[in-house]
Number of protein chains: 2
Amino acid sequence: MRTDLERFFNPRAIAIVGASRDLITISGQPLKHLTAHGYGGRLYPVNPRYPEILGVKCYPALADLPEAPDLALILVNAARVPEVLRQCGAKGVRYAIIFSSGFSEVGGGGVVMQRELIAIAREYGIGVVGPNCQGMINAADRVYAGFGSVFNADYEPGAVSMVSQSGGFGFSVMNLSSLDGGLPFRQMVTTGNEIGVSALDFINYYIQDPNTEIIAGYIEGLKDARRLLDIGDAALAAGKPILMWKVGNTEHGQKAAASHTANLGGAMALYRAVFREKGIIQVEDIQDLADYGRAFRCGKLPRGNRLAIITISGGAGILMTDEVIGRGMRMAELAPQTLDRLRGIVPSFGSLLNPVDVTAAIFNDLTLVNRTLQAIVEDPGVDCVALINASLQGELAERIAREIVAGVARTDKPVFLTWSARDAVAPEAYALLDAARIPHYKSPVRCGRALAALSWYSEAKRRRDGRSGETAPVLSSAIARKTLAGKTADVTEHSAKRILAEYDIPVTREELATTKEEACAIARRMGYPVALKVQSPDIPHKTEARAVRLNLASEAEIAAAYDEVLVNARAYNKDARIEGVLVQEMATGGTEAILGVTNDDQFGPAVMFGLGGIFTEVLKDAAFRLAPVTPAIARDMVGEIKGYALLTGARGRPPADVDALVDAIVKLSALAADLKDHVAELDINPLIVMPEGKGVKAVDALIKPRSNTGIAADERGKTRER
Amino acid sequence: MRTDLERFFNPRAIAIVGASRDLITISGQPLKHLTAHGYGGRLYPVNPRYPEILGVKCYPALADLPEAPDLALILVNAARVPEVLRQCGAKGVRYAIIFSSGFSEVGGGGVVMQRELIAIAREYGIGVVGPNCQGMINAADRVYAGFGSVFNADYEPGAVSMVSQSGGFGFSVMNLSSLDGGLPFRQMVTTGNEIGVSALDFINYYIQDPNTEIIAGYIEGLKDARRLLDIGDAALAAGKPILMWKVGNTEHGQKAAASHTANLGGAMALYRAVFREKGIIQVEDIQDLADYGRAFRCGKLPRGNRLAIITISGGAGILMTDEVIGRGMRMAELAPQTLDRLRGIVPSFGSLLNPVDVTAAIFNDLTLVNRTLQAIVEDPGVDCVALINASLQGELAERIAREIVAGVARTDKPVFLTWSARDAVAPEAYALLDAARIPHYKSPVRCGRALAALSWYSEAKRRRDGRSGETAPVLSSAIARKTLAGKTADVTEHSAKRILAEYDIPVTREELATTKEEACAIARRMGYPVALKVQSPDIPHKTEARAVRLNLASEAEIAAAYDEVLVNARAYNKDARIEGVLVQEMATGGTEAILGVTNDDQFGPAVMFGLGGIFTEVLKDAAFRLAPVTPAIARDMVGEIKGYALLTGARGRPPADVDALVDAIVKLSALAADLKDHVAELDINPLIVMPEGKGVKAVDALIKPRSNTGIAADERGKTRER
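Residues numbered from 1 in each chain as written. Chains lettered and ligands numbered in written order. Predicted model: local features only at pLDDT ≥ 70, side-chain atom pairs only at ≥ 80, totals over all residues. Heavy atoms only, no water.

### What about the overall build of chain A?
Selection rule: Helix and strand labels come from DSSP, where a helix needs a run of H or I of at least four residues and a strand needs a run of E of at least two; each type is numbered from the N terminus. For each residue, the accessible area found with a 1.4 Å probe, counting protein chains only, is set against the maximum for its type, and the residue is called buried under 20%, exposed over 50%, and partly exposed in between. Here, two residues are considered to be in contact whenever any of their heavy atoms come within 4.5 Å of each other.
In terms of regular secondary structure, chain A is built from 24 helices and 30 strands. Reported as C-alpha extents along the three principal axes, the dimensions of chain A are approximately 95 × 80 × 40 Å. Expressed as a percentage of the 722 residues in chain A, the buried residues total 63%. In chain A, of all internal contacts separated by at least 6 residues, the share reaching a separation of at least 24 is 72%.

Structure, rendered in structure tokens:
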């Protein structure tokens, strides 16, 4: 499939198959928009019913065109699309946008037809965009190839390029951002059902496009989600922020996503993990995109997350503080020298605490804001500055803006403004700021969010740079693969732990007994107390089956318990295949954790960490990452959960062995990568994390082989977000 | 103090003390703005240096005025304010706005001077607004009594009145909402340090003002916070929504609040509790206020929280779904009859699932949207509808809008629109919607938030109506009050539990022993096993002191343990006063909860509920309400915490006795109200909640008497959000 998209965005000739003379309808609009906006290439409407449309010669069929167009727009009914696509192939068309609806999004016959399209596209090597989409606008080259109200407007090309899986929403965003939001777009493409060129293909293209500075995306789900890791990394390396909607995050939202573009909403937890890792900025609202985009256009990144606020309105300062703290920033501690300088500037009834409140005294002394800014920007403990000017307007505003522009030019720290004057009353001031690319916002909340987005991105970039040398270990076990090959039933505890041990994950000492005498002999060797656990692939929940006895401290107790657990196991499931009874050392003390592996349809293998019991099961307090992970990433996971304090000594506990925990996560992630073709799900529940220096120990484990995925989700699976 | 504010907002005469001829400065602006906007009353600038300002006769002193003005604006330096306020009193001025800064917000001498102002205001009965504020605008009567850039604009009076503790921010909100946000304001007042008329006084006035439909507030803290319960209730009864910023919510935000208007940021958890109870809508950003305000102007309230979405862009539908679900709404399940009707309307490649996606086929059939709307609005399972029109514009937009207006007129269910066309390209359509008061928003996220605000308010109103008959029980115990009277030391477990028992809160069976023999005798009567716990006001943390032994099953064990706990207690604190050793039944099984009482400086007594251990201490998962509470409110508290599932049978536990838990919360809240003068803090930790029908039991308790508050916060206190 073609993914060199230069000719897609800037085609030398375009065929419009199914073009209509009714210029209001979907099939009538593209020709109208292309000609109205001055498309410079050759246009070929195709429709046997007309000799011409809008004065452009119309052809009865694709075969009749005088050349092979770079792009075909397909506007016929769903049933006719396969035939037309084949004609495109025969004619040598490079790219086709299929606008028509009625494919996988309607299920049934639509799914079958969509498969046919995929086959045709592959046969002829056509780069297909759609079906079920709204086309594209390349503002830079005046290619308005699509339909919708927003195609009526003219767009000056800007620095943002976007791909959207939703046509209506995507074009609304382009329209509002470009014309009202102060953030003009360059290229915009909608991908609908994505049978060919995918959203990630377009993002990849934008990373390479020298004229695109900021990349935007609206996605419901990605069939090739794992590529987001590499693409996110490339964007970070290129210094091009990705601003992204990922929707369908609630149960109901997901239902809507599935019925809309027939994409499965991939696991949101995994998206979040990749977004964090690669500094991809999640966007909530249309305005956020314009706000964040203008933030990045300032061309400066903060070196840390320490913000200083200077305000003439105390209230706005507090509001911004609440907002940025909630989004991961910190308020800078001003240095004593800075405070000394400020004492000479700020009125006595102002405040030197950060936010620094110079008060409305600005009306009596216009230089107040800028002298304060100068002092603060030079403080080494400040990474970025927000300046809140309330509603200053008119000539006064212009004079202050001029001074701000001069001051900001002398620093490489980002300086943002909250300025609430309406556009109409401070046009000169705003024009000065815009020319200097100083981001300004009407509200302290929006300003704070934009700063936090810049800081989030900058932090990911620093993390990436700091870890450039670190790689995830590659582990491999032929024994493990052999154990799992062809398995369909659950792999029970003892075998599962032996597989864990293959990857150096510490497990409890234990041996399998098949007679009572053997059990006693094992316990004597191992030392009391021990646990007995029936091992059967047909009894995944041993405790529920009462097939477990703990803390057995003598031969007599073991002998009695041995019979008891077997009787209970058979009572629970009379056909259960019993492998034996596991004799296991008791692991006491420490904190219970859960480690897991999932193998997501779109993302592939991932690793999960959470604290035991209610934390993961009731509170869903868990961290996910795509596997494999480096130690630094594993450490991030551990620090990310809400219950983290429990590992560092909360409630008078000794600090837990976080190093050993991190090591176990890293190794489990290497296992997940190595066994990705064999493992559907894996749970270590619990993993006991002992006090510092004492290590970790897997106490129970279960593996669902990959061929076993079809079976209804096991209860353990439900504890993970998916 | 005066709080009949009619003459404040619409004074017959205004004195401007310290008026300046430099019209740019703070003291120069008020006279300029009052005359420029056509104030209809009499104006008296007061300044001995000028014979007139702006052609208005200027007086050397207040005493020289020909009448007592209803309102004085005080613009002199802080040091001169007491003198001027006294002159106001002597002259018979009713209200004064003190603009000057330099009082409690600067600490030290400023605090002393502020106290002097309070005394003067009280002596003369002057209603003081400020100091450290920016004045007010009464757009309805053209009274522009203040300073700032936004005073330059002219405001058509609207339906919203606002009070703000921040001048700069408050006036920015008025300006942007009135002129750009489609939500004109009627009155706006800023209150600064609030030594006289408070924010709640103004809200109370707005509730009674027949021309105010919507009330807005920006607050950092309330000295009379408990009044918010009654005022919120009155607003709810009057059908006037309160849209409120409560800032200073983060640790840093709170610091800023304290230094700004010298208000203590009251406990955010208590604010949240009152907001929820009274349907007060928390506002995050300036735009939210205009968005929510326009939502309420539609004049319809949903009868439930079930939303149906009709969209021509699938993506926008998903985005809105995510947003509203996250804010407590539900997606309506459409009835089979509705689905049947829709099958005849919606194209086959659309979606009948909610969100109902009629697709871009709207371009080929304009009636699609309205026929769908009609079918859905008539579904009894739908409480409100959002219609998403993407960017439809021009004549097409106008025709659709006309049909929508007709359709919406026929239903009493709220119908909101997401319509992303820019104002310039759909002016007729938007004018039609505005005239019909149909709320419309540019983005699905903003539309969803506004709907959720309406739903939140409506839910509180229904809850209030449904509970009109229910009252919180009033309990009273002379014994408890006597026990606590004059106490300064912590009240230890046994006494604390006897106080709980006075209010019918179940406690463990237990008796205090002062000899080993007595302890054994008690245990024999009570039955084994028992716990022994040293009781001393000087050892609040018995476990830490190893002064507790559990599960003692024989006389021998008791005898040994008795000596041991006393030795440990003395080793822990050799001067500890020992009251005796408590012999207590062992409470086993059940779920550990924590109940607590706080006595907030601003809110007064409140009750807290959380699950035991990590839930409250690490995860801060707790619910608060002002005391006393009704059973329905207590049940809300229980259902509100994240760990709630643990009480209803998660992880294979038996369901807990929630009824008994609710009853204990109600009774504890009655205790909190009855003992509000005696109890600073109270903890029941743990309260064991037994399985259904088996009740609850307080196992340990501690009371800090109110006179004891000065002592450094105990560790237990820290577990509560304050």
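From this point, the narrative continues.
### Details of unusual backbone geometry
For residues that are not glycine, phi is negative in most cases, and the peptide bond is trans in most cases. Here the bond from A:Gly130 into A:Pro131 is cis, since omega is 0°, no more than 30 degrees from zero. Counting through the fold element by element, A:Pro131 comes out in the loop between strand S7 (127–129) and strand S8 (135–138). For the bond running from B:Ala627 to B:Pro628, omega is 0°, close enough to zero to count as cis. With respect to the helices and strands, B:Pro628 occurs in the loop between strand S27 (622–626) and helix H22 (631–640). One non-glycine residue, B:Asn551, lies in the positive phi region at around 55°. By secondary structure assignment, the location of B:Asn551 is in strand S23 (residues 548–552). Classification of B:Asn551 as partly exposed rests on a relative accessible area of 47%.

### Overview of the confidence of the model for chain A
All names here are of chain A. As a reminder, the rule being used: The predictor attaches a confidence to each residue, and that confidence, scored 0 to 100, is pLDDT.
For chain A, the mean per-residue pLDDT works out to 91, and 95% of the residues sit at or above 70. Under a pLDDT of 50 for its full length, residues 257–266 has, in the predicted model, 36 contacts with residues more than four places off or in other chains. Across residues 708–722 the pLDDT falls below 50, and counting only partners more than four positions away or on other chains, this stretch makes 34 contacts in the model. Here the prediction assigns the complex a pTM of 0.90, and the interface score ipTM is 0.89.

### Quick look at the interface of chain B and chain A
Rules: What counts as buried area is the accessible surface, traced by a 1.4 Å probe, that two parts surrender upon association, with contributions from both included. By definition, a salt bridge exists where a carboxyl oxygen of Asp or Glu is found within 4 Å of a side-chain nitrogen of Lys or Arg.
Every contact between the two is made by 83 residues of chain B and, on the other side, 83 residues of chain A. Among the residues of chain B in contact with chain A, B:Ile318, B:Phe363 and B:Arg422 are the three that bury the most area, contributing 10% of the side total. Across the contact surface, chain B and chain A share 4 salt bridges. We note a salt bridge from B:Arg449 to A:Glu284, for which the minimum N-O separation is 3.2 Å.

### Here we look at the sheet that holds strand S1 (residues 13–17) of chain B
Residues and elements named next belong to chain B. Filter applied, for reference: In this analysis, strands are considered paired if DSSP registers two or more bridges between them. Every axis corresponds to a line fitted to the C-alpha atoms, with the helix fit spanning only the stretch in contact, and the corresponding angles, defined between N-to-C directions, vary from 0 to 180 degrees.
The sheet built from 5 strands is open, its strands ordered S2-S1-S5-S6-S7 with parallel pairing. Every interior strand has two partners, whereas the edge strands, strand S2 (42–46) and strand S7 (127–129), have only one. Between one strand axis and the next, the sheet turns through 20° on average, direction left out of account. Sheet topology places S1 next to S2; 5 bridges connect them, and they run parallel. Paired with Ile16 across the bridge in S2 is Pro45.

### Overview of the pattern of salt bridges
Going through the model one piece at a time under the given rule, you end up with 101 salt bridges over all chains. The salt bridge involving A:Arg446 is made with A:Asp291; its shortest N-O contact spans 2.8 Å. Taken together, the residues span a long stretch of sequence, with A:Arg446 in helix H16 (residues 444–466) and A:Asp291 in helix H10 (residues 286–296) at a distance of 155 residues. The two residues A:Arg446 and A:Asp291 agree in class, both being buried. A salt bridge links B:Glu213 to B:Arg297, with the shortest nitrogen-to-oxygen separation between them at 2.7 Å. Taken together, the positions of B:Glu213 in the loop between helix H6 (199–208) and strand S12 (214–219) and B:Arg297 in the loop between helix H10 (286–296) and strand S15 (306–311) put the pair 84 residues apart, joining distant regions of the chain. By relative accessible area, B:Glu213 is classed as partly exposed at 35%.

### Focus on the relation of the copies chain B and chain A
To keep things clear, this is the line we draw: A least-squares superposition brings the copies together, and it is based on the C-alpha atoms of residues with pLDDT no lower than 70 in both.
With an RMSD of 0.1 Å, the operation that places chain B on chain A is a rotation of 180° combined with a shift of 0.0 Å along the axis. Expressed as a symmetry operation, the mapping of one chain copy onto the other fits a two-fold axis.

### Details of the packing of aromatic side chains
Residue and element names in this part refer to chain B. Going by this rule: In summary, the pairing rule links any two rings of Phe, Tyr or Trp, Trp by its six-membered ring, whose centres are within 6.5 Å, and it sorts them by plane angle into stacked for under 30 degrees, edge-to-face for over 60 and tilted for everything else.
All told, the structure shown has 36 aromatic pairs over all chains when counted by the stated rule. Seen from their ring centres, Phe9 and Tyr206 are 5.9 Å apart, and the 35° between their planes marks the pair as tilted. Here Phe9, found in helix H1 (residues 6–9), pairs with Tyr206, found in helix H6; they are 197 residues apart in sequence, far enough to count as distant. Since its relative accessible area comes to 0%, Phe9 is described here as buried.

### Some points on helix H2 (residues 29–36) of chain B
Residues and elements named next belong to chain B. Listing the buried residues of H2 in full gives Gln29, Pro30, Leu31, His33 and Leu34. Turning to H2, the residues buried within the fold contact S1, S2, strand S3 (52–53), strand S4 (56–57), strand S5 (71–74) and strand S9 (143–146). Taken from the residues just after H2, Gly38 is the one with a positive phi, measuring 80°.

### A closer look at the packing of helix H3 (residues 81–91) of chain B against helix H4 (residues 109–124) of chain B
All names here are of chain B. We count it as follows: What sets the label is the angle itself: under 35 degrees gives roughly parallel, over 145 gives roughly antiparallel, 65 to 115 gives roughly perpendicular, and the rest give oblique.
At a closest axis distance of 9 Å, the pairing of H3 and H4 adopts a crossing angle of 5°. With respect to each other, H3 and H4 are oriented roughly parallel. Mapping the contact onto sequence places Val81, Pro82, Leu85, Arg86, Gly89 and Ala90 in H3 and Met113, Glu116, Leu117, Ile120, Ala121 and Tyr124 in H4.

### Digging into the pairing of strand S6 (residues 95–98) of chain B
Residues and elements named next belong to chain B. For the record, the criterion: Assignment of crossover handedness uses the view with strands pointing away from the viewer, where a clockwise path from the first strand over the helix to the second indicates a right-handed crossover.
Side chains of S6 alternate between two faces, with Tyr95 and Ile97 and Ala96 and Ile98 buried alike. After leaving S5, the chain enters H3 and then returns to the sheet as S6, a path that is right-handed. Looking at chain direction, S6 and S7 are connected through 3 bridges and run parallel. For Ile97, the partnering residue across the bridge sits in S7 and is Val129. With respect to chirality, the unit in which S6 leads through H4 into the neighbouring parallel S7 is right-handed.

### What about the side chain of B:Lys497?
Residues and elements named next belong to chain B. Filter applied, for reference: Think of a polar contact as two N or O atoms within 3.5 Å of one another; within protein, one of them needs to be a possible hydrogen donor and the other a possible acceptor, and neighboring residues in sequence only count if both atoms come from side chains.
For Lys497, the position within the fold is in helix H18 (residues 493–502). Judged by relative accessible area, Lys497 falls into the buried class, the value being 1%. Side-chain polar atoms of Lys497 contact the side chain of Glu510, separated by 2.5 Å. Discounting residues that sit within four places of it in the chain, Lys497 has contacts with Val507, Thr508, Glu510, Lys533, Leu582, Gln584, Ala698, Val699, Asp700 and Ala701.

### Describing the environment of A:Ala660
Locating A:Ala660 in the fold gives a position in helix H23 (residues 658–674). Each residue touching A:Ala660, except ones within four places of it in the same chain, is listed here: A:Gly695 and A:Val696.

### Re the sheet that holds strand S8 (residues 135–138) of chain B
Residue and element names in this part refer to chain B. What the 7 strands build is an open sheet, ordered S9-S8-S11-S10-S12-S13-S14; its pairing is mixed. Edge positions in the open sheet fall to S9 and strand S14 (281–282), since each of these has one partner strand only. Pairing analysis gives 5 bridges linking strand S10 (residues 160–164) to S12, with the strands arranged parallel. Bridging from a neighbouring strand, Ser164 pairs with Tyr218 of S12.

### Overview of the nonpolar core
Let me state the cut-off plainly: The nonpolar core is taken to be a set of buried Ala, Val, Leu, Ile, Met, Phe, Trp, Tyr and Cys residues, with the residues joined through side-chain atoms within 4.5 Å.
Residues A:Trp245, A:Leu307, A:Phe416, B:Trp245, B:Leu307 and B:Phe416 are the most contacted members of the largest nonpolar core, which totals 111 residues. If near-sequence neighbours (up to four positions away) are discounted, B:Leu307 is found in contact with B:Met320, B:Val324, B:Met329, B:Arg330, B:Met331, B:Ala332, B:Asn354, B:Cys384, B:Val385, B:Ala386 and B:Leu451.

### Structural notes on the packing of helix H19 (residues 516–526) of chain A against helix H20 (residues 555–572) of chain A
Residue and element names in this part refer to chain A. How we decide: By convention the crossing between two helices is left-handed if the near helix lies anticlockwise of the far one by an angle smaller than a right angle, and right-handed if it lies clockwise. Three classes are used: nonpolar for Ala, Val, Leu, Ile, Met, Phe, Trp, Tyr, Cys and Pro, charged for Asp, Glu, Lys and Arg, and polar for all others, with Gly counted as polar.
Running from amino to carboxyl end, H19 crosses H20 at an angle of 140°, the nearest separation of the two axes being 10 Å. With respect to their mutual orientation, H19 and H20 come out oblique. As H19 runs across H20, the sense of the crossing is right-handed. Contacts between H19 and H20 involve Lys516, Ala519, Cys520, Ala523 and Arg524 from the first element and Glu555, Ile558, Ala559, Tyr562 and Asp563 from the second. Counted by class, the contact of H19 with H20 contains 6 nonpolar, no polar and 4 charged residues.

### Looking at the side chain of A:Ser391
Mapped onto the elements of the fold, A:Ser391 is located in the loop between strand S18 (384–388) and helix H14 (394–409). Under the relative-accessibility criterion, A:Ser391 is labelled buried at 6%. Reaching out from A:Ser391, the side chain makes a polar contact with the side chain of B:Ser172 at a distance of 2.9 Å. If sequence neighbours within four positions are ignored, A:Ser391 has contacts with A:Trp419, A:Ser420, A:Ala421, B:Ser149, B:Val150 and B:Ser172.

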